[in-house]
Amino acid sequence: MCEVFERAMVVHCAPTLAGHKCASLFTWRGCPDRAAQWALEASALLAEKGVQVRLLKAQEGGTLVYVYRPRTLLARLAEPGVGAFLSACGYEESGGLESLLGQLSANLLKGELFPHEIGIFLDYPLEDVVGFIRHQGACYSCQGCWKAYGDQGAARKRFQLYRKCREVYLSCYRRGFDVLRLTVAA
């Protein structure tokens, strides 16, 4: 796997690699074919730790790389209200996780904007995803990795945890820890 791609995973996906978050997303600026190759290599490398890497949208100018923990993501999708929300967004749960991620990828390919339900797949609280849609991105209580509409204290704690995790992981990476060593086993 390319060192620059590995560094991007550490910078943008540290909370997922650490097991604090079910998934993370970053944009790889460069050749989509190389991103696909590196994503496959990363996925094979991290599978033993319970982490998968896939491309959600590959195109010239920017490829969306999704790093996730399937078991944790499934638990997230099973939380109260999440299934009904995704169903209202047109998702069919009958095909399982791969089907849901395929539907998310298809929705990303439909347009220039991110579909709002992507927040569910990135471990944002349901109340914050719904609040963002309802208020069209305005009237939020605080902002960090996302705009929070629910429990401001809980959101700030998560933002701080993710920020600290990124700092620690990047420091360790600079000292020679590779992405496999940095990834916590599920």
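Structure's up top.
The following paragraphs examine the structure supplied in this document. Owing to the predicted nature of the structure, the values given are computational and were not obtained by experimental measurement.

### Comments concerning the overall build of the protein chain
Looking only at helices and strands, one finds nine helices and five strands in the protein chain. Taking 2.2 N^0.38 as the reference for a compact globule, 186 residues should give roughly 16 Å; the C-alpha atoms of the protein chain span a radius of gyration of 16 Å, in line with that estimate. Structurally, the protein chain occupies a C-alpha span of about 45 × 35 × 30 Å along its principal axes. Going through the 186 residues of the protein chain one by one, you find that 46% of them count as buried. Considering only intrachain contacts with a sequence separation of at least 6, the fraction spanning at least 24 residues in the protein chain is 56%. When the accessible surface of the protein chain is summed, it comes to about 9400 Å², and 53% of that surface belongs to carbon and sulfur atoms. Computed over 22 positive and 18 negative side-chain charges, the inter-centroid distance for the protein chain is 7 Å.

### A word on the packing of helix α1 (residues 3-17) against helix α2 (residues 32-46)
Put simply, α1 and α2 touch, their axes get as near as 12 Å, and they point 50 degrees apart. With respect to each other, α1 and α2 are oriented oblique. Seen from above, α1 lies across α2 with right-handed handedness. Contact residues: F5, M9 and L17 in α1; A35, W38, A39, A42 and L46 in α2. Looking at the contact of α1 with α2, its residues break down into eight nonpolar, no polar and no charged.

### Let's talk about the pairing of strand β2 (residues 52-57)
As defined by bridge partners, β2 adjoins strand β3 (residues 63-68) across five bridges and the pair is classed as antiparallel. From the neighbouring strand, K57 faces β3, where its bridge partner is L64. Between β2 and β3, which pair antiparallel in sequence order, lie five residues; one of them, G61, sits at a positive phi of approximately 95 degrees.

### Re the pattern of salt bridges
Taken as a whole and judged by the stated rule, the model has four salt bridges. Between R76 and D123 there is a salt bridge, with the nearest N and O atoms lying 3.3 Å from each other. You can see R76 sitting in helix α3 (residues 70-77) and its partner D123 sitting in the loop between α6 (118-121) and α7 (126-134), a full 47 residues away along the chain. Taken individually, R76 and D123 each receive the classification buried, so the pair is uniform in this respect. Accessibility expressed as a relative area gives 12% for D123, which makes it buried.

### What about the environment of E60?
In this fold, E60 is placed in the loop between β2 and β3. What makes E60 exposed here is its relative accessible area of 68%. A sequence separation of 27 residues divides E60 from D33, and the C-alpha atoms of the two residues are 9.7 Å apart.

### Structural notes on the sheet that holds β3
Within the open sheet, the three strands sit side by side as β1-β3-β2. Their pairing is antiparallel. With partners counted over all chains shown, the strands left at the sheet margins are β1 (23-28) and β2, one partner each. Ignoring strand direction, the axes of neighbouring strands in this sheet form an average angle of 25 degrees. Here α1 sits on the sheet and contacts β1, β2 and β3; the angle it forms with β1, its principal contact strand, is near 155 degrees. Its contacts with the sheet put helix α5 (residues 96-110) on β2 and β3, and the angle it makes with β2 is roughly 35 degrees.

### As for the packing of α3 against α5
It is at 11 Å that the axes of α3 and α5 come closest, and there the two elements cross at 80 degrees. By the angle class used here, α3 and α5 are roughly perpendicular. Facing α3, whose interface residues are P70, L73, L74 and L77, α5 presents L97, L100 and L101. For the contact of α3 with α5, the residue count by class is seven nonpolar, no polar and no charged.

The rules we used
- Residues numbered from 1 in each chain as written.
- Predicted model: local features only at pLDDT ≥ 70, side-chain atom pairs only at ≥ 80, totals over all residues.
- Heavy atoms only, no water.
- Helix = DSSP H or I, 4+ residues; strand = E, 2+ residues; numbered from the N terminus.
- Rg over C-alpha atoms; globule rule 2.2 N^0.38 Å.
- Buried < 20%, exposed > 50% of the residue type's maximum accessible area, 1.4 Å probe, protein only.
- Contact = heavy atoms within 4.5 Å.
- Areas by Shrake-Rupley, 256 points an atom, 1.4 Å probe, with all protein chains shown as cover.
- Lys, Arg positive; Asp, Glu negative; His and termini not counted.
- Charge placed at Lys NZ, Arg CZ, Asp CG, Glu CD.
- Axes fitted to C-alpha atoms, helices over the stretch in contact; angles between N-to-C directions.
- Parallel < 35°, antiparallel > 145°, perpendicular 65-115°, else oblique.
- Left-handed = near helix turned anticlockwise from the far one by under 90°.
- Nonpolar A, V, L, I, M, F, W, Y, C, P; charged D, E, K, R; others polar.
- Pairing = 2+ DSSP bridges.
- Salt bridge = Lys/Arg side-chain N within 4 Å of Asp/Glu carboxyl O.

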